[in-house]
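# What the coordinates show
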Amino acid sequence: MRGTDIQLAAEYLLLGETVAIPTETVYGLAANALDETAVARVFDVKQRPLHNPLIIHVADADQITRYTTGLLPAAQKLLSHFAPGPLTLLLPRNSSIPDIVTAGSPLVAVRIPDHPVTLELLRLTDLPLAAPSANPFGYISPTTAGHVEKMLGEKIPYVLDGGPCDAGIESTIIGFPDGVPTIYREGAIPKDKIEKIIGPVAVFAGKKIHAPGMSAVHYSPNTPLILCDDIEQAIRDHDHFRMGVITYGNYAAGVTADNQWILCKDNDWQTAAHNLYAALHEMDERNYELIIAKTFPETGLGSALNDRLRRAAMKGVGNGNQATN
Ligand code: TXA
Ligand code: MG
């Protein structure tokens, strides 16, 4: 069922059920983070491996201190600038957070979502809500309640509809290994904005995969996708395929306009992020043989957009990779 009844969503959550919730980034699949059985349901519904930990969502900074220990000054500064907002911090957890949430890690990922409906829900339940993106593991994240309903509607009792997600791309995840601020997942807050507040930050490039968002194949439509700089050349090279095109600025030559998704005009990457997943969901429904997407400039949000498209492309034509959904 889908609706706008925050009270009903709260009741389901208090009963240990899973509920899809709106956030400013993408829709989440929420459960009471303090209830192991409820959290196990989230993994089950998503078919997500248990070794991939979940983000907890809380109502305010006070609640963060309820579940974590030791906020470094840099973390505090980030919170005062970006919370509520698409910022997820990896912080030492205290004993109230069950192992299943963090996959046994001593760190818990926590954020304060900037969405009035979910903030109200968090206040009503007075619970931390563990919530990964509300898609089957490996597939495209949902940015509307309709996307969630289509993918998971039969597996969960309620989709709380808060309208289309504003940012449209997941939160930026920052940890502090040895005290050094480090981006673990690029997201809706670009690196340069973070550096303006706390100075230079590292970007995690280790071999160990801490996040499924960092595994090669992820955010993948069922349709094979290729990502390229010269989109018109790619269209000519693949003209034997029935294809859809994702681009920005102007239409590309060689494909009719109704088979093209212009994510934004005038280098407005925020609008492109807002539109990206909705375009991919829609394109998957059109049953194209191929999606061709144009690389964004690596500045600001462009870098996170390229990251998502690169992972979506890992399943590309004929490379034999399988999506993990
Ligand atoms: O914008 C978002 O972050 C959305 C909305 C719903 O809040 N959530 C989201 O969750 O994208 P999910 O589960 O799809 O991605 C969360 C990422 C995963 O890559 C996970 O591995 C990582 O966060 N993560 C969660 N807890 C972690 C931890 N304790 N240590 C390291 N990585 C963690
Ligand atoms: Mg996800």
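In what follows, the structure referred to is the one given above.
First, a word on scope: everything that follows refers to the structure included in this document.

Counting its secondary structure elements, the protein chain contains 11 helices and 15 strands. A compact globule built from 325 residues would reach a C-alpha radius of gyration of about 20 Å, and the protein chain, at 19 Å, matches this within 12%. C-alpha atoms of the protein chain, sized along the principal axes, occupy 55 × 45 × 35 Å. Across the 325 residues of the protein chain, 56% fall into the buried class. Considering only contacts in the protein chain between residues 6 or more positions apart, those separated by 24 or more positions represent 67%. By element, 51% of the accessible surface of the protein chain is carried by carbon and sulfur atoms, the whole surface being about 13,600 Å².

Turning our attention to the sheet that holds strand S15 (residues 290–294). Reading across from one edge, S12-S15-S13-S14 is the order of the four strands in this open sheet, with parallel pairing throughout. Single-partner strands in this sheet number two, and they are strand S12 (225–228) and strand S14 (260–262). Strand-to-strand, the axes of this sheet are offset by a mean angle of 15°, without reference to chain direction. In the sheet, strand S13 (residues 243–247) pairs with S15 via four bridges, with the strands oriented parallel. Among the inter-strand pairings, Ile246 is bridged to a residue of S15, identified as Ala293. Lying over the sheet, helix H11 (residues 302–313) contacts S12 and S15, oriented at roughly 135° with respect to S12.

This part covers the packing of aromatic side chains. All told, the structure shown has six aromatic pairs when counted by the stated rule. Consider the rings of Tyr248 and Trp269, whose centres lie 5.1 Å apart with planes at 80°: the pair is edge-to-face. Taken together, the residues Tyr248 in the loop between S13 and S14 and Trp269 in helix H10 (residues 269–285) connect sequence positions 21 residues apart. On the basis of relative accessibility, which here comes to 14%, the residue Tyr248 falls in the buried class. Each ring, one from Trp269 and one from Phe296, has its centre 5.3 Å from the other, and the planes form 85°; the classification is edge-to-face. Taken together, the residues Trp269 in helix H10 and Phe296 in the loop between S15 and H11 connect sequence positions 27 residues apart. A relative accessible area of 11% places Trp269 in the buried class. Grouped by ring-pair contacts, the aromatic residues Tyr248, Trp269 and Phe296 constitute a single cluster.

Reading guide: rules and limits
- Residues numbered from 1 in each chain as written.
- Chains lettered and ligands numbered in written order.
- Predicted model: local features only at pLDDT ≥ 70, side-chain atom pairs only at ≥ 80, totals over all residues.
- Heavy atoms only, no water.
- Helix = DSSP H or I, 4+ residues; strand = E, 2+ residues; numbered from the N terminus.
- Rg over C-alpha atoms; globule rule 2.2 N^0.38 Å.
- Buried < 20%, exposed > 50% of the residue type's maximum accessible area, 1.4 Å probe, protein only.
- Contact = heavy atoms within 4.5 Å.
- Areas by Shrake-Rupley, 256 points an atom, 1.4 Å probe, with all protein chains shown as cover.
- Pairing = 2+ DSSP bridges.
- Axes fitted to C-alpha atoms, helices over the stretch in contact; angles between N-to-C directions.
- Phe/Tyr/Trp six-rings, centres within 6.5 Å; stacked < 30°, edge-to-face > 60°.

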